[in-house]
Amino acid sequence: MTEPKDLEALSVNAIRFLAIDAVEKAKSGHPGMPMAMAPLAYLLFHEAMRHNPLDPSWPNRDRFVLSAGHGSMLLYAILHLTGYDLSLEELKRFRQWGSKTPGHPEYGHTPGVEVTTGPLGQGIATAVGLALAERKLAAEFNRPGYEVVNHYTYVLASDGDLMEGVSGEASSLAGHWRLSKLIVFWDDNRISIDGPTDLAFTEDVLLRFRAYGWQTLRVEDANNLQALRHALRLAQLDERPSLIAVRSHIGFGSPKQDSHKAHGEPLGVEAVAATRRNLGWPYPPFEVPEEVYRHMDMREKGRAWQEAWEQLLVAYARAYPDLYQELSRRLKGELPSLPEEPPTFDKPIATRAASGRALDAIASRMPELLGGSADLTPSNNTQAQGMAGFSPQNPTGRYIHFGVREHGMGAILNGLNLHGGYRAYGGTFLVFSDYLRPAIRLAALMGTPTIFVFTHDSIALGEDGPTHQPVEHLVSLRAMPGLWVIRPADAYETFYAWHVALGRKEGPTALVLTRQAVPLLSPEKAKGVLKGGYVLEDAEDPEGVLVATGSEVHLALEARALLAERGRRVRVVSLPSFELFAAQPQAYRKEVLPPGLPTLAVEAGATLGWERYAHKAVGLDRFGASAPYPEVYERLGFTPKRVVEAFLDLLE
C-alpha cells in the first residue's frame, strides 16, 4: 500500500505530467506554470475546497479562478482527476477544434471553469466580484444557525496578473471592502516571457497589497504542502482578503526549470524524458495510476457536502419561508414582475435622466438589482431611490461606489453576475468605455448579462471638448460579437431599453444615453425598441428613409418636416439597436427598411458600419470640438438643412 505522503507526491506528479503530455501532444501550450503549481492545485481541490464535481453549479461551492489562464492544463488536469465531466480523451485533445480543453479556460464550455481567463488581470478582478456577491448574499440571507451562503473564492495569479492595472483597481476595492473570503495565491516564479521579472517588475508587491488593506503571507517553497496548508489556515482566519506569495520554480523538475523557455512552448521530447527521470515518473504519456484516481476522486465528498447544504436549506425554508423563496428565485435567475408601463414624462428630458427614472421604478421591485458608477453617480443617474451605499459596515447596501476605476468596475460587475443572485450594472461616460473594454469583451465571451450604462454619448457634451466627446465608440462597441448596444431616442425608448437589458439572460447590454434633453416621442411607438428598430413616422409610398439613433432621431424628424414642405415623402426609422434589429425575422426587417428604398443614416458618430442599413450617412469622421453643444452641432453639420441636402443628393 502506498503511504499517504507518497500518494500525495504521486498525485501532484500526475497533475504535472498530464499537463506536460497534453502540451506536448498539442505541440502548443504553457507547461511551466502547471509543473510549478501542481502542489497548490492538489491542496485546493483535494483538501481545502468544498465543491461537487457531479454538480459544478452547486450554489454554495467554493470558487476557483485561474487568473493565470495560460496555465489552463493545470486546471484541466485537476478537474479530470477529481471527477468532473472532463475525460482523458478531452485532455488528449487539448487546444484542438471542438474540444472541452481550449487554450485558455472558457466559462460555460468546460465543466468546473468559473471564469473565462487569459487576458491577465481579468481573473483576479472578476474574482473580486465573486467574493463581493458572496459577502452580500450572506449578509442578506444568513441567519443564526443557518449559514446558507458560506463559501470562499480562491485565485491563482501570476506576476503578469499583478502587473496589470486592472488587478490593482479591483484589489484596492477588495481591501477597502474587507472581502475576507477572497484568497489569492501569487505564483512568484520571477520569470516572464522576456526573461527575469526584474527586467520590469521590482516593486514590493506584498507591501503594495498591505497598503490596499490585505493580509499578506509568504510560502518559500511551492512544493511544501505543510507550509501551504498553514498559510491557507491563516488566510481563512483573517478578516481581510489575503495574498499568499508562493515561491515557485517554473518548469519544475525539467532541464528548463527557472527559464522563460518553460513558459509558452512544449518542453520537447528530450526534456520531457529528462523530467520523467528527474521526478521518478515511469508512466507513459497520459497514464495515471489507478490509486491516484481513487485518491483524488472528490465525487462522493462533493455529493455529501451538497446534500448537507440542501438539508440545511430545507430547515431554513421552514424557519424563514419568505427568505427561502426569495433566495431560490434569485439563484434560479428568475425575474420578478417588473413595471410594464413607463413613468409619466411631461417635457423634454435627457435619456440619462430618464434612465434614472426607469431605475427608480424597477429597483423597488427587483431587490437583486445592484448598481454602481465609476465616480460619476450624479452624471450617470445610476443610483435609484432607496438604494443605500454598500460598505463593510452596510453590506446589504445595493449601490456600489467604484471610484475612478472603470476597468476594475467592469470586471467586478462580471463577477457579480457570474456568481448568481444578483443582476449588476455600472455606469461611466461613453468615451471611457475604452477604459473597460476588455471586461466588456469578456462579458460578451462568457454570455454574462452585465449592463453597462454609458452616458454623455456624443459631441453634445459641448464644452468638455474632444477628449470627452465619443466619436468612434458606437461603431467600436457594435463590432463586438454578443454585445447589444442600445441608443434610445427619448425617455420612453429608454424605459423599454431597460426591459430589453434586464430580459437578457445571456450576454451584456450597453445602454448609450444623452447628456442633453431630447423631446418626447409616442410612448406606444417607443415599444418598438423591443424589436431594435421600428417605423416612427411614415408617408404614403415613401421615396426614401431617414434612419437614426438617439438624439439624432429628432434631427431626422425635423428634416422630414422640411422635406414634406417640398412635397417629399419620407419615412423616419428609429434604430436604437443594430443587434436586436438583426435578430428579428427578415420579413420584419425588410418591412421597416425596404432594400430598394434610398436610405440615409443620421448619427453623431463615425459613419463606418452604417453601410449595413443605409446607402449613405450623415456622421462624424473626425474628432469634435469644445463649445456650447448647439454650436458644435451647427459647425459640424448636424442640422436639418444638411440632412435635407444629403437626402436630396441621395435621391438624385
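Residues numbered from 1 in each chain as written. Predicted model: local features only at pLDDT ≥ 70, side-chain atom pairs only at ≥ 80, totals over all residues. Heavy atoms only, no water.

The name that an unreviewed UniProt entry assigns to the protein is Transketolase, with the source organism given as Thermus thermamylovorans. Within the UniProt record for the protein, the comment given under Catalytic activity (unreviewed entry) is "D-sedoheptulose 7-phosphate + D-glyceraldehyde 3-phosphate = aldehydo-D-ribose 5-phosphate + D-xylulose 5-phosphate". The Subunit (unreviewed entry) field of the UniProt record for the protein holds the comment "Homodimer." (UniProt positions renumbered as here; feature names shortened; annotations may be inferred.)

Chemist: Help me out: how do you make sense of the sheet that holds strand β11 (residues 423-429) in this one?
Modeler: Strands in a sheet are paired, the pairing made by backbone hydrogen bonds, and the direction either parallel or antiparallel. If you walk across this open sheet you meet the six strands as β10-β9-β11-β12-β14-β13, and the pairing is parallel. Two strands lie at the open edges of the sheet, namely β10 (399-401) and β13 (484-486), each paired on one side alone. For this sheet the average axis-to-axis angle between neighbouring strands, irrespective of direction, equals 20 degrees. Relative to strand β14 (residues 509-512), β13 runs parallel, the two being bridged by three bridges. Within the sheet, the bridge partner assigned to Trp-484 lies in β14 and is Thr-509. (Pairing = 2+ DSSP bridges. Helix = DSSP H or I, 4+ residues; strand = E, 2+ residues; numbered from the N terminus. Axes fitted to C-alpha atoms, helices over the stretch in contact; angles between N-to-C directions.)

Chemist: Is there a simple way to explain the nonpolar core in this structure?
Modeler: By size, the foremost hydrophobic cluster in this structure holds 77 residues, and its most contacted members are Leu-369, Trp-498, Leu-546 and Phe-638. With nine residues, helix α19 (residues 491-503) is the single largest residue contributor to this core. Here this core gathers at least three residues from each of two domains, domain 2 (351-512) and domain 3 (529-651). In this structure, Leu-369 is in contact with Leu-359, Ile-362, Ala-363, Met-387, Arg-398, Arg-423, Tyr-425 and Leu-502, ignoring residues within four places of it in sequence. Of all hydrophobic cores here, the second largest spans 72 residues; its members include Val-65, Leu-327, Ile-440 and Val-485. (Core = buried A, V, L, I, M, F, W, Y, C linked by side-chain atoms within 4.5 Å. Buried < 20%, exposed > 50% of the residue type's maximum accessible area, 1.4 Å probe, protein only. Domains from an automatic or database assignment. Contact = heavy atoms within 4.5 Å.)

Chemist: Would you mind going over the sheet that holds strand β6 (residues 215-219) with me for this structure?
Modeler: One open sheet holds the five strands; their spatial order is β1-β2-β3-β7-β6, and the pairing between them is parallel. Strands with a single pairing partner mark the edges of an open sheet, and in this sheet they are β1 (63-66) and β6. Pairs of neighbouring strands in the sheet enclose a mean axial angle of 20 degrees, with direction left out of account. Sheet analysis places strand β3 (residues 182-188) next to strand β7 (residues 242-247), joined by six bridges and oriented parallel. Counted as the bridge partner of Asp-187 is Val-246 from β7.

Chemist: Can you help me understand empty space enclosed by the protein in this one?
Modeler: Picture a little ball the size of a water molecule; that probe, rolled over the atoms, points out where space is still empty. Taken as a whole and judged by the stated rule, the model has four cavities of 30 Å³ or more. In this model, the largest cavity occupies a volume close to 90 Å³. If you trace the largest cavity, you find 14 residues lining it, with Met-49, Asp-62, Tyr-84, Gly-112 and Glu-114 closest to the centre. Taken together, the elements giving at least two residues each to the lining of the largest cavity come down to β1 and α3 (72-82). Partitioning the lining of the largest cavity into residue classes produces seven nonpolar, three polar and four charged. By volume, the second largest cavity is sized at about 60 Å³. Forming the walls of the second largest cavity are Pro-59, Asn-60, Arg-63, Leu-137, Val-148, Val-149, His-151, Trp-309, Leu-327, Leu-331 and His-419. (1 Å grid on protein atoms, 1.4 Å probe; cavity = no way out; pocket = protein on both sides within 12 Å on 5 of 7 lines; lining within 4 Å. Points joined across faces, edges and corners; volume = space filled by probe spheres on them. Nonpolar A, V, L, I, M, F, W, Y, C, P; charged D, E, K, R; others polar.)

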